[in-house]
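The residues making up each chain are set out below.
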Amino acid sequence: MAIQPSSTRAIPEVRPVPRHVAIIMDGNGRWAKTRKLPRAAGHREGVEAVRRVVRASIERGVEYVTLFAFSSENWRRPAEEVSFLMGLFVAALEREVDKLHANGVRLKVIGDVSAFDTRLVDLIRQAEQKTAGNQRLTLTIAANYGGRWDLMQAINAMTLAHPEKRGCYRETDLEPFLALGDIPEPDLFIRTGGEQRISNFLLWHLAYTELYFTDKFWPDFDEHLLDEAIASYRRRERRFGRTSEQLHAAMAQTSFPSAAASEALHA
Ligand code: IPE
Ligand code: IPE
Ligand code: MG
């Protein structure tokens, strides 16, 4: 598959439904705390929210969903919480992969999986191989992922592959080595749980992504909250550096109206 043009080199097509939604699934611990439950209960309930969002994304025609499941900084948590999360990941893979496969979902895991135990790494690789040919939705789980780790591993791989270009590397040289590979940049970023930060998620790819923050905790996230996020996205004017007037002139010439324009047309 061809590498998708980056938003800083070409103006991407803007559709009413985001092609790629990237989510920081935050607030599991606080969801549990408000119910006087252990944090683990919040994480377990968070898996249900993943299931709902994957289903709703397929129904709405989203093509790529990228979920931040475990950051490179989450190792700082208490050992028992880290090991519970790893166990949950293993259990979710064992339970869900066949269903995902039956629903045409391609599963990918990005992050430094070398830190995981071999059973988990094997499950990840098997799931990726099994679902590699699916095209309905690409579900990418970021596990032991950090945006800076991604940039550094990509720079290291690029410089090893192309030592002759030293001092002259361009965006197009780096992009194939980033963990998301040829997946288009996220159109919509959602963070639940009330914090308004990126927490070292997709630093390169979020350059022109529309950001959406909600106070709702991740275990409460569902298709209605996804629709609210998409509705907010549709109201945005994605200018990619141009003026509003240029954007409207460009839209008048294309048969593919922007999300904001199509919203205006249907209002
Ligand atoms: C997100 O929920 C899940 C992970 C980071 C693994 P949190 O566990 O961060 O929940 P809060 O932010 O403490 O409520
Ligand atoms: C971000 O959430 C990482 C994931 C959701 C996996 P955190 O809860 O770890 O983020 P901070 O620590 O509040 O920034
Ligand atoms: Mg958190």
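Residues numbered from 1 in each chain as written. Chains lettered and ligands numbered in written order. Predicted model: local features only at pLDDT ≥ 70, side-chain atom pairs only at ≥ 80, totals over all residues. Heavy atoms only, no water.

Draft legend 1. Representation of the site of ligand 1 within the structure. Close to ligand 1 lie 13 residues, the nearest being Asp26, Gly29, Arg30, Arg39 and Arg77. Interatomic distance of 2.9 Å between a backbone N/O atom of Gly29 and an oxygen atom of ligand 1. Separating an oxygen atom of ligand 1 from a side-chain N or O atom of Arg30 is a distance of 2.7 Å. Relative to its unbound accessible surface of 380 Å², ligand 1 loses 88% to contact with the protein. Looking at the shell around ligand 1, the elements with two or more residues in it are helix 1 (28–34), helix 2 (39–60) and helix 3 (79–102). The element contributing the most residues to the shell around ligand 1 is helix 1, with three residues. (Near = heavy atom within 4 Å. Polar contact = N/O pair within 3.5 Å; in protein donor to acceptor, adjacent residues only side chain to side chain. Areas by Shrake-Rupley, 256 points an atom, 1.4 Å probe, with all protein chains shown as cover. Helix = DSSP H or I, 4+ residues; strand = E, 2+ residues; numbered from the N terminus.)

Draft legend 2. Focus on helix 7 (residues 223–234). The terminal C-alpha atoms of helix 7, which comprises 12 residues, lie 16 Å apart, in line with the 16 Å expected from a rise of 1.5 Å per residue. All of the buried residues in helix 7 are Leu225, Leu226, Ala229, Ile230, Ser232 and Tyr233. Each buried residue of helix 7 sits inside an arc of 155° when the element is viewed along its axis, so together they form one side. Between the side-chain oxygen at the start of helix 7 and the backbone nitrogen of His224 there is a gap of 3.1 Å, and the oxygen is on Asp222. (Expected span 1.5 Å × (residues − 1). Buried < 20%, exposed > 50% of the residue type's maximum accessible area, 1.4 Å probe, protein only. Arc of directions from axis to C-beta.)

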